[in-house]
Amino acid sequence: MHGTSFFCVILILVEFRIPSILIPKGEQQCNICGVQTSLWLTRGHNNHATQKYDIIGGKKRKVNCLNCGSSDRDRLLKYFFDDITPIGNLLHVAPEKALSRYFKGKSNLNITKIDKKVGWYKLVYGYNVKYGDLTKLPFDDGCFNWVVANHVLEHIKDEQQAIHEIYRVLKQDGKAILQIPFSFKIKSTIDGECHWTSTERESQLGQKDHVRLYGLDFLKRWNLFHIQLYLLKDINDYERFNLNPQEPVILVSKTIETKELKHFKSIRFEEILKT
Ligand SMILES: [Zn+2]
């Protein structure tokens, strides 16, 4: 990338925020910064795979908050965490800016952020992250109440090892949120071939740096790793917060969940298909 262009990208990422007072008022609301609007920025990808497979969490859509930059996924998880009121140690993998801002305001959470691109976070987001590889986490067994890894597993070749590591570092009653891009249109997850070029990956999997595209079998696939897996869906407020009605919260737990939530209910895959 040309030096000037790179500088512009950095400026946009770091500085581009429209003050809430200048954003046109609307019926919808960003639940992270509080702005009320129906105007959202576009995010996501428009390519052969996103069109053919209608990838949840991957295709182009108008969902980014003009004020704080939150995505539909950030707001879904904020809504979920408001419902469950998490406490204790939380490991945030590949920490998104808007969600980090939300977690920072929770005094009952002790946050650890990790990624492989330590310098990038400091430069672009202005906060420190610890170096960490999800397949080889630098933490003792059972030290986290929560692990949040959004749209991370589709980048990791050794998926089983990553899930094993997440499970290992969770406390006995620990939980993890593992959002992924997936498609209802494919029954079996497509694993990218090692020899595929980045262009082929984009065309077949939806993004240049993805190693697979999850299909309807991801529940069965992860169940093989002996974890409790729940899909949680918001009952009422998808439209209000400009969330994707087809995107559930993907919750992994070491124990069987019995707690009733105010805004979310556990669902079966077929129920999402009806929406
Ligand atoms: Zn916002």
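Higher on the page you've got the structure.
Residues numbered from 1 in each chain as written. Predicted model: local features only at pLDDT ≥ 70, side-chain atom pairs only at ≥ 80, totals over all residues.

Caption draft 1: Spotlight on the overall build of the chain. Scanning the chain for helices and strands turns up 9 helices and 14 strands. Here the chain has a C-alpha radius of gyration of 18 Å; the compact-globule value for 275 residues is 19 Å, and the two agree. With the C-alpha coordinates of the chain rotated into their principal frame, the extents come out at 50 × 45 × 40 Å. By the burial criterion, 33% of the 275 residues in the chain qualify as buried. (Helix = DSSP H or I, 4+ residues; strand = E, 2+ residues; numbered from the N terminus. Rg over C-alpha atoms; globule rule 2.2 N^0.38 Å. Buried ≥ 20, exposed ≤ 12 C-beta atoms within 10 Å, placed from the backbone.)

Caption draft 2: Here's a closer look at the nonpolar core. Of all hydrophobic cores here, the largest spans 52 residues; its most connected members are V147, A149 and A176. Broken down by element, the residue count for this core peaks at 5 residues, all from strand β8 (residues 144–149). Excluding residues within four positions of it along the chain, A176 makes contact with W146, V147, A149, I166, L170 and V252. (Core = buried A, V, L, I, M, F, W, Y, C linked by C-beta atoms within 7 Å. Contact = placed C-beta atoms within 7 Å.)

Caption draft 3: A look at the pairing of strand β13 (residues 249–253). Most of β13 sits out of view: 4 of its 5 residues are buried. Two elements, strand β9 (residues 170–177) and β13, share 3 bridges in a ladder whose sense is antiparallel. Counted as the bridge partner of A176 is V252 from β13. Inspection of the sheet shows strand β12 (residues 228–234) paired to β13 by 5 bridges, in the antiparallel sense. Within β13, the residue paired with L231 across the bridge is I250. (Pairing = 2+ DSSP bridges.)

Caption draft 4: Inspection of the sheet that holds strand β7 (residues 130–131) at higher detail. In space, the 8 strands of this open sheet follow the order β7-β6-β5-β8-β9-β13-β12-β14, with mixed pairing throughout. Every interior strand has two partners, whereas the edge strands, β7 and β14 (264–267), have only one. Two strands pair when backbone bridges link them, and strand β5 (residues 88–93) and β8 are joined in this way by 4 bridges, in the parallel orientation. Paired with L91 across the two strands is V147, which belongs to β8. Sitting on the sheet, helix α3 (residues 72–84) touches β9, β12, β13 and β14, and the angle it makes with β13 is about 50 degrees. (Axes fitted to C-alpha atoms, helices over the stretch in contact; angles between N-to-C directions.)

Caption draft 5: Just the environment of K136, in detail. Mapped onto the secondary structure, K136 falls in the loop between β7 and β8. Through-space distance from the C-alpha of K136 to that of I166 is 9.5 Å; in sequence the pair is 30 residues apart.

Caption draft 6: Structural detail: the environment of K116. As for its placement among the helices and strands, K116 is situated in the loop between β6 (109–115) and α5 (118–124). For the pair K116 and R75, spaced 41 residues apart in the sequence, the C-alpha separation amounts to 25 Å. When neighbours within four sequence positions are excluded, K116 is seen to be in contact with Y131 and D133.

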